[in-house]
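If you want the building blocks of each chain, they are given just below.
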Amino acid sequence: MRVSFCQGLLTGAIALNLLILYYVSQAQQQMMEKRRDPGRGSRKAALPATGLEGGMGGLVVVGAGMVGAGGVGGEGNSHGPRVTVLLREFENFENYVGDVARSFLHQRPELPFLAVSDTPPYPPLSLPEGARLLVLSPSPEQPPQAHRPEFHVQTEFVLLVPDGVELEQGRAVERLIRELEGEGGGPVRLVASPVLARSTVQCLHLRVSLREWTATYSTAASGTSGSVCTALRGDVVVLIRSEDLFNLSVPLGRPLLPSLFIQTSLHGWKVKLLESPCFSPSHRPLFSSAHNQWKADSHLKEATSRLMRNFGLKRLLLADGKEQWHGCGKETERCFGTVRDDTPEYLYLERWTPPCCLRALRETTKYVINILESSGVRYWLEGGSLLGAARHQDIIPWDYDVDLGIYLEDVPNCDYLKNLDSGSLVDANGYVWERAVEGDFYRVQYSEANHLHVDLWPFYPRNGVMTKDTWMEHKQDMEFPEHFLQPLVPMPFAGVTAYGPNNHRAFLELKFGEGVIENPQYPNPAKKRLDRSRL
């Protein structure tokens, strides 16, 4: 059979394409192998980066070979250095970054030293030869990798050091490496050494619940050869594998230790804290004046709030029993917007009601109940709020408001309600009382800014049945026999004693269906269903 010229040309083109694909796949495989073993070989690249020339004190752009294998920071051995020393946290107005770099490079000149800053420091740093600065903020004239730290560390390990420390014994770094390698592939993925003394560092257990927007710290016990925990608080140097560090979502967030340990705890990783210090504080205290200390504390507070917002953590429970809140308050908007289809936006994120919102709902509920009781207005827990009382003695963890039924005939007893034919009023404590625009019921908001609220639904009896004039599109919004309210009975709810129907199970099953207490579900399963296996 004769092969035409076109057929031969087509066959040759196919063969050439297959050959090209083969070489491309081989190149990609080699790149992946180098990425998995960044300490192997001597790889250099010409990535531009923002840096400082040693001793000049001026900000310049330098050619950015990778920090690590084969060179930057000293010649090293035939395989290149295994560790990059990285200093992330320092204040521009007073720091000892240059002294720290000189200390490490004096003892271990082959180790690359990298100072990392969000923006170009001012005044500029004065770094010795062998130390470099990486600025994380992007610059329009440079490629994106110029500001990504994973492209500037090509060693197997990263040593995270605080400002003002000193390396007195060069072999201390090897000790940390031996300790980490001795853990094998277990949960211990970081090793830390105290800077001043073991007693100055707290070894903590950290539990992070993203669903509940909460991080909980508790004190961990110390061991004889080192403590294993999930978080540290204090002055420490931390060793971590580069691959682990740069597999974190935010590898160099600030404040560094909280950012690091929140992420590593979610991975199930642990940190081993050595008993004896390998590093000494050359500059303690870090700041020479009370004013500079105040500035640093203010920056720390701001950075912590920013980090918690970015991580979606609204509440920190500290080991000393104190709390920190980073969510909404009386002077801010609530944490979520208008609710559509009875499904707040956080449910789609696999989260429940933020704890700051639950706190505001509890405060508002307690306040409203006190006023209703003192005014002689009969009320009872309604709908999902009664369901929460039956299940949790509290608000349902994913609920976003509180519902109370009231007797319509008692409304004139309450000064805040009887004059609400139109408009709204703000009381002396900042709560907003209004007649709801959606129908003939009342709403009490946490504040003018924060619209978390308690709804008051007026019912009246007719032929032994409780009814009302406005009905919402909820299956539980229905008439019911008045005997459920005769008498009302006390029930614990949201930290107070409230009143509810005398047979709350029958009342709830009338409105929601049989077994509703034992079978929790989101308010609109057609939009979002609760995964009960995660309860």
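The structure presented is a predicted model; accordingly, all values stated were derived computationally and were not measured. (Residues numbered from 1 in each chain as written. Predicted model: local features only at pLDDT ≥ 70, side-chain atom pairs only at ≥ 80, totals over all residues. Heavy atoms only, no water.)

Novice: Mind laying out the nonpolar core, listing which residues take part and the relevant values?
Specialist: Nonpolar side chains in soluble globular proteins tend to be buried together. By size, the foremost hydrophobic cluster in this structure holds 64 residues, and its most contacted members are Leu372, Trp380, Leu404, Ile406, Leu417, Trp433 and Leu456. The greatest single-element share of this core, amounting to 10 residues, is contributed by helix H8 (residues 355-375). In terms of nonpolar packing, the next biggest core, distinct from the first, is built from 40 residues, Leu114, Ile240, Leu307 and Leu313 among them. (Core = buried A, V, L, I, M, F, W, Y, C linked by side-chain atoms within 4.5 Å. Buried < 20%, exposed > 50% of the residue type's maximum accessible area, 1.4 Å probe, protein only. Helix = DSSP H or I, 4+ residues; strand = E, 2+ residues; numbered from the N terminus.)

Novice: Let's hear about the packing of helix H5 (residues 256-266) against helix H6 (residues 290-311): which residues, and what values?
Specialist: If you want to describe how two helices pack, look at the angle between their axes and the distance between the axes. The contact between H5 and H6 brings their axes to 10 Å, and the two run at 20°. Judged on the interaxial angle alone, H6 and H5 are roughly parallel. In this structure, the crossing between H5 and H6 has a hand that is right-handed. For the pair H5 and H6, the contacting residues are Pro258, Ser259, Ile262 and Gln263 in the first and Leu307, Met308 and Phe311 in the second. (Axes fitted to C-alpha atoms, helices over the stretch in contact; angles between N-to-C directions. Parallel < 35°, antiparallel > 145°, perpendicular 65-115°, else oblique. Left-handed = near helix turned anticlockwise from the far one by under 90°. Contact = heavy atoms within 4.5 Å.)

Novice: Tell me about the state of the cysteines, and please be specific about residues and values.
Specialist: One pass over the full model with this rule turns up 1 disulfide. A sulfur-sulfur separation of 2.0 Å characterises the disulfide bridge that pairs Cys203 with Cys229. Across the S-S bond of Cys203 and Cys229 the torsion is about -115°, and the bridge reads as left-handed. Here Cys203 is found in strand S9 (residues 202-209), whereas its partner Cys229 is found in strand S11 (residues 227-229), with 26 residues between them in sequence. The pair formed by Cys203 and Cys229 is uniform in burial state, with each residue classed as buried. In this structure Cys357 is a free cysteine whose sulfur lies 3.7 Å from that of Cys328, the closest cysteine sulfur available. Residue class for Cys357 comes out buried when judged on its relative accessible area of 0%. (Disulfide = S-S within 2.5 Å.)

Novice: If you had to explain the pattern of salt bridges to someone new, which residues and values would you point to?
Specialist: Summed over the entire model, instances satisfying the criterion amount to 26 salt bridges. With a closest N to O distance of 2.6 Å, Glu110 and Arg108 form a salt bridge. Per residue, the accessibility class of Glu110 equals that of Arg108, and both read buried. Taking the shortest distance from any N to any O, the salt bridge between Glu382 and Lys511 comes out at 2.9 Å. Of this pair, Glu382 sits in the loop between strand S18 (379-381) and helix H9 (383-392) while Lys511 sits in helix H11 (residues 504-512); the two residues are 129 residues apart in sequence, bridging distant segments of the chain. Look at Glu382 and you get buried, because its relative accessible area is 5%. The network of salt bridges with shared partners includes Arg82, Glu156 and Glu181. (Salt bridge = Lys/Arg side-chain N within 4 Å of Asp/Glu carboxyl O.)

Novice: Can you lay out the UniProt feature "domain: LicD/FKTN/FKRP nucleotidyltransferase" (unreviewed entry) in the protein chain for me, pointing to particular residues and giving the numbers?
Specialist: Using the residue numbers shown here, the UniProt feature "domain: LicD/FKTN/FKRP nucleotidyltransferase" (unreviewed entry) corresponds to residues 374-410. With 32% helix and 24% strand, residues 374-410 has end C-alpha atoms that lie 12 Å from one another. (UniProt positions renumbered as here; feature names shortened; annotations may be inferred.)

Novice: Quick rundown of the pairing of strand S10 (residues 214-219)? Include the residues and the values.
Specialist: Across 6 bridges, S9 lies against S10 in antiparallel orientation. Bridge pairing in S10 places Val208 opposite Ala215. The antiparallel pairing of S9 with S10 creates a hairpin that spans 4 residues between the two strands, and Trp213 there sits at a positive phi of about 60°. Strand direction decides the pairing type here: S10 and strand S16 (residues 315-317), joined by 3 bridges, are parallel. Across the sheet, Thr216 pairs through a bridge with Leu317, a residue of S16. (Pairing = 2+ DSSP bridges.)

Novice: Hey, could you go over H11 for me, with residue numbers and the actual values?
Specialist: Buried residues of H11: Phe507, Leu508, Lys511 and Phe512, and no others. Around the axis of H11, the buried residues are gathered within 105° of arc, so they sit on the same side. For H11, the elements touching its buried residues are S18, H9 and strand S25 (480-481). One or two residues past the end of H11 sits Gly513, with phi positive at roughly 115°. (Arc of directions from axis to C-beta.)

Novice: Report on the sheet that holds S10, specifying residues and quantitative values.
Specialist: Read from one edge of the open sheet, 5 strands run S12-S9-S10-S16-S17, paired in mixed fashion. Two strands close off the open sheet at either side, each with one partner strand: strand S12 (231-233) and strand S17 (323-325). Each strand of the sheet is rotated relative to its neighbour by a mean of 25°, with strand direction disregarded.

Novice: Before we move on, can you summarise the sheet that holds strand S8 (residues 188-194) with the specific residues and values?
Specialist: The 8 strands are arranged S5-S4-S3-S6-S13-S8-S14-S11 in an open sheet whose pairing can be described as mixed. Where the open sheet ends on each side, the last strands, each with one partner, are strand S5 (131-135) and S11. Geometrically, the sheet is characterised by an average inter-axis angle of 25° between neighbouring strands, direction not taken into account. Of the pairings in the sheet, the one linking strand S4 (residues 113-117) to S5 comprises 5 bridges and is parallel in character. Bridging from a neighbouring strand, Phe113 pairs with Ala131 of S5. Contacting strand S3 (83-87), strand S6 (157-161), S8, strand S13 (236-241) and strand S14 (270-273), helix H3 (residues 172-181) crosses the sheet at an angle of about 150° to S8. Docked against the sheet, H5 engages S6, S8, S13 and S14, running at close to 40° with respect to S13.

Novice: Report on the environment of Trp398, specifying residues and quantitative values.
Specialist: For Trp398, the location among the structural elements is in the loop between H9 and strand S19 (402-407). You can call Trp398 buried: its relative accessible area is 5%. Distance in space between the C-alpha atoms of Trp398 and Pro523 is 9.2 Å, their sequence separation being 125 residues. Contact partners of Trp398, with chain neighbours within four places excluded, come to Pro344, Tyr346, Leu347, Trp352, Thr353, Arg391, Pro520, Gln521, Tyr522, Pro523 and Leu530.

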